[in-house]
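Residues per chain are reported as follows:
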Amino acid sequence: MAGVKKILVCVLTVMAVFWYTEADFQSFAAESSVIEKVTVKIDTDFGAPEEIPDPVITADGNGYSLGDVQFKTDYDKWEPGKKVRVDINLFADEGKFFPTSLNRSECKVTGADFVSAKALDDTTLQVKVDYRPVMTLGDTAEAGWSSTSSRKAVWKKVDFAPGYTVTLYGDDKVVKRLNVETSSVDLSSYMTKDDVTYYYEVKAVPLTSDEKKYFKEGNYVTSRDTEVELDTEEKQYVSRYSAGDGGEVKGSNYVYGDGQLARNSWKKLSDKWYYFDQNGNMAKGWIFVNGYWYYMNENGVMQTGWINLGDGWRYLGEDGSLRTGWLNPSPDKWYYLNAYGFMQTQWVLVDGKWYFMEADGSMKTGWLNWNNCWYYLNADGSMAENTIVDGWYIAPGGIATKL
């Protein structure tokens, strides 16, 4: 009888171990289906001068993939270093689930500031971050000397520039290098020698360690066109420009040797183009000449390339004329500018075909997730319709459905 009891105890023990192991296994299996850690990366390379590039967002990890991304601030309102809230949706793989929320250590974010990570449902996690745009600073359009003091350096401001580095030369030797926050500086305390030709170079730069995270310095621009040679009589330098036709700029006019004003004329002065209107005055702002629009800055200099006057981005060709329609400024970038020259974003309809333009205006190709629907954009950027791509049926209207 004792032997029977011993056998019964052993059997019960084995069954208990089996039950515990099975329950533990089921618990472990349930836990492993929950995604406990995610990683989101926001990468940005400094682009062309005065360009604010779009960041590249990726989600690395097992059990989930990157979904749609929404920037809460319109692209044309982005400023370097100024926070832009971004909503990033992550989609769980089949059989995987997100918890109600993840904290900062469970949701690792690089390239932006973590705000929150909360589940919209079991299979969708929304990660909120604050991204700070970056920019390569542009170059000043003008660098010369004050009309009231031949020792005061003055240059045109560079958009968003926190400060400037100024290097003073005397007979091509460095005299002084200093940083300033303004677009002018009195150099008289360093320009002390007579019969020495002085000039300076200036470039836009970030000044603090924090600013260096979001700004890359611009290029040096020299004042050599307006060098200053001091003599014992302390002569004041007066800037004069000529197009080589016997005339020169006087005030806001271009005056020929016989005293006549240049009218309705283009003049190239110091490698910059100016236009003098029907009254002989140097034009500023938008002008319409021979069927084309041009933009002359506050100093009368014709502008080229991308410009934003606060109402959106436009593009001026190398000849200064305002461009419209399709624009291909580099081999792999296409943009679309409307009839007023404004760069378009999101969906645009051109000649009966739909195209999608990214936040920076560049044309999108390949797969696109928009408003929780998938679309496919052909190699020429046009939206695919009524076809099959990669095992997806693209219906009329462009919405894709998995076959």
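What counts and how
- Residues numbered from 1 in each chain as written.
- Predicted model: local features only at pLDDT ≥ 70, side-chain atom pairs only at ≥ 80, totals over all residues.
- Heavy atoms only, no water.
- Pairing = 2+ DSSP bridges.
- Helix = DSSP H or I, 4+ residues; strand = E, 2+ residues; numbered from the N terminus.
- Axes fitted to C-alpha atoms, helices over the stretch in contact; angles between N-to-C directions.
- Salt bridge = Lys/Arg side-chain N within 4 Å of Asp/Glu carboxyl O.
- Buried < 20%, exposed > 50% of the residue type's maximum accessible area, 1.4 Å probe, protein only.
- pLDDT = per-residue confidence, 0-100.
- Contact = heavy atoms within 4.5 Å.
- Phe/Tyr/Trp six-rings, centres within 6.5 Å; stacked < 30°, edge-to-face > 60°.
- Core = buried A, V, L, I, M, F, W, Y, C linked by side-chain atoms within 4.5 Å.
- Patch = residues over 30% accessible without salt bridge, like charges linked within 9 Å, V, L, I, M, F, W, Y side chains within 5 Å.
- Areas by Shrake-Rupley, 256 points an atom, 1.4 Å probe, with all protein chains shown as cover.

Chemist: Looking at this model, I keep getting lost on the pairing of strand S27 (residues 333-337). Mind explaining?
Modeler: Look at any regular strand and the pattern is simple: side chains alternate between the two faces of the sheet. Where strand S26 (residues 325-330) and S27 come together, four bridges link them in antiparallel fashion. Residue pairing across strands places Trp326 opposite Tyr336, the latter belonging to S27. Adjacent in sequence and paired antiparallel, S26 and S27 are bridged by two residues.

Chemist: Sorry, what's going on with the sheet that holds strand S4 (residues 84-92) here?
Modeler: The pairing of strands in a sheet happens through backbone hydrogen bonds and is either parallel or antiparallel. As summarised here, the arrangement of the four strands in space is S3-S4-S7-S6, forming an open sheet in which the pairing is antiparallel. In this open sheet, the two edge strands, each paired with only one partner strand, are strand S3 (64-71) and strand S6 (113-121). The mean angle between the axes of side-by-side strands here comes to 25 degrees, regardless of whether they run parallel or antiparallel. Taken together, the seven bridges between S6 and strand S7 (residues 124-131) define a ladder with antiparallel strand orientation. Each residue of the ladder has a partner; that of Ala117, found in S7, is Val127.

Chemist: Is there a simple way to explain the pattern of salt bridges in this structure?
Modeler: Any two side chains of opposite charge can pair if their charged atoms end up close together. According to the stated counting rule, one finds eleven salt bridges in the structure shown. In this structure, Lys333 and Asp360 form a salt bridge, with 3.9 Å as the shortest nitrogen-oxygen distance. Of this pair, Lys333 sits in strand S27 while Asp360 is found in the loop between strand S29 (353-357) and strand S30 (366-370), placing the two residues 27 residues apart along the sequence. Linked through salt bridges whose partners overlap, the residues forming this network are Lys72, Asp87 and Lys128.

Chemist: Which parts of the structure should I look at to understand the pairing of strand S20 (residues 265-269)?
Modeler: Side chains Ser265, Lys267 and Leu269 project from S20 onto a buried face, and the interleaved Trp266 and Lys268 project onto a face without burial. Here S20 pairs with strand S21 (residues 272-276) via five bridges, running antiparallel. Bridging across to S21, Trp266 finds its partner in Tyr275.

Chemist: It is not clear to me how the confidence of the model for the chain should be interpreted in this structure. Could you clarify?
Modeler: Any segment with low pLDDT has predicted coordinates that should not be analysed in fine detail. The predicted model of the chain has a mean per-residue pLDDT of 86, with 86% of residues at 70 or higher. Between residues 4-30, whose pLDDT stays under 50, and residues either more than four places distant or in other chains, the model counts zero contacts. Predicted confidence for residues 230-240 stays below pLDDT 50, and this span has 25 contacts to residues more than four positions away or in other chains.

Chemist: Could you clarify how one ought to interpret the packing of aromatic side chains in this entry?
Modeler: In this description, a pair of aromatic rings is defined by centroid distance and the angle of the planes. A full pass over the atoms with the stated rule returns 26 aromatic pairs. Arranged with centres 5.2 Å apart and planes meeting at 75 degrees, the rings of Trp347 and Phe356 form a pair that is edge-to-face. By relative accessible area, which is 22% here, Trp347 ends up partly exposed. Judged by its relative accessible area of 5%, Phe356 falls in the buried class.

Chemist: Would you mind going over the sheet that holds strand S32 (residues 387-389) with me for this structure?
Modeler: Strand order across the open sheet formed by three strands is S32-S33-S34, with antiparallel pairing between neighbours. Of all the strands in the sheet, just S32 and strand S34 (400-402) have a single pairing partner and so form its edges. Averaged over all pairs of adjacent strands, the angle between strand axes in this sheet comes to 30 degrees, irrespective of strand direction. Of the strand pairs in this sheet, strand S33 (residues 392-394) and S34 are connected by three bridges, and their pairing is antiparallel. When the bridges of S34 are listed, Trp392 appears paired with Lys402.

Chemist: Sorry if this is basic, but what is going on with the nonpolar core here?
Modeler: A general tendency of soluble globular proteins is for nonpolar side chains to be buried together. Grouped together as the largest cluster of nonpolar side chains are 27 residues, with contacts concentrated most on Val38, Leu90, Val109 and Val127. Among the elements of the structure, strand S1 (38-43), strand S2 (56-60), S4, strand S5 (107-110), S6 and S7 are those that each provide at least two residues to this core. With five residues, the top contributor of residues to this core is S4. With sequence-adjacent residues up to four places away left out, Leu90 is seen in contact with Val38, Val40, Ala59, Tyr64, Ser65, Leu66, Gly67, Phe98, Thr123, Thr124, Leu125 and Val127. With 23 residues, the next largest nonpolar core counts Ala143, Val166, Val196 and Ala204 among its residues.

Chemist: Help me understand the environment of Trp374, please; the structure alone is not making it clear to me.
Modeler: Among the structural elements, Trp374 can be located in strand S31 (residues 373-377). Leaving out residues up to four positions away in the same chain, Trp374 has contacts with Trp367, Leu368, Asn369, Trp392, Gly398, Ile399 and Ala400.

Chemist: Explain unusual backbone geometry to me, please; I cannot follow it from the model alone.
Modeler: A negative phi holds for most residues other than glycine; trans holds for most peptide bonds. A positive phi angle, close to 50 degrees, is found at Asn264, a residue other than glycine. Owing to a relative accessible area of 47%, Asn264 belongs among the partly exposed residues under this scheme. Even without being glycine, Gln346 reaches a positive phi, approximately 65 degrees. With respect to the helices and strands, the residue Gln346 is situated in strand S28 (residues 346-350).

Chemist: Can you walk me through a nonpolar patch on the surface in this structure?
Modeler: Together, Trp286, Phe288, Trp293 and Leu309 make up an exposed nonpolar region whose accessible area comes to about 400 Å². Residue classification places Leu309 among the partly exposed residues on the basis of a relative accessible area of 40%.

Chemist: In this structure, what is going on with the side chain of Asn369? I would like to understand it.
Modeler: Within the secondary structure layout, Asn369 lies in strand S30. In this structure Asn369 comes out as buried when scored by relative accessible area, which is 16%. Ignoring sequence-local partners within four residues, the contact set of Asn369 consists of Asp68 and Trp374.

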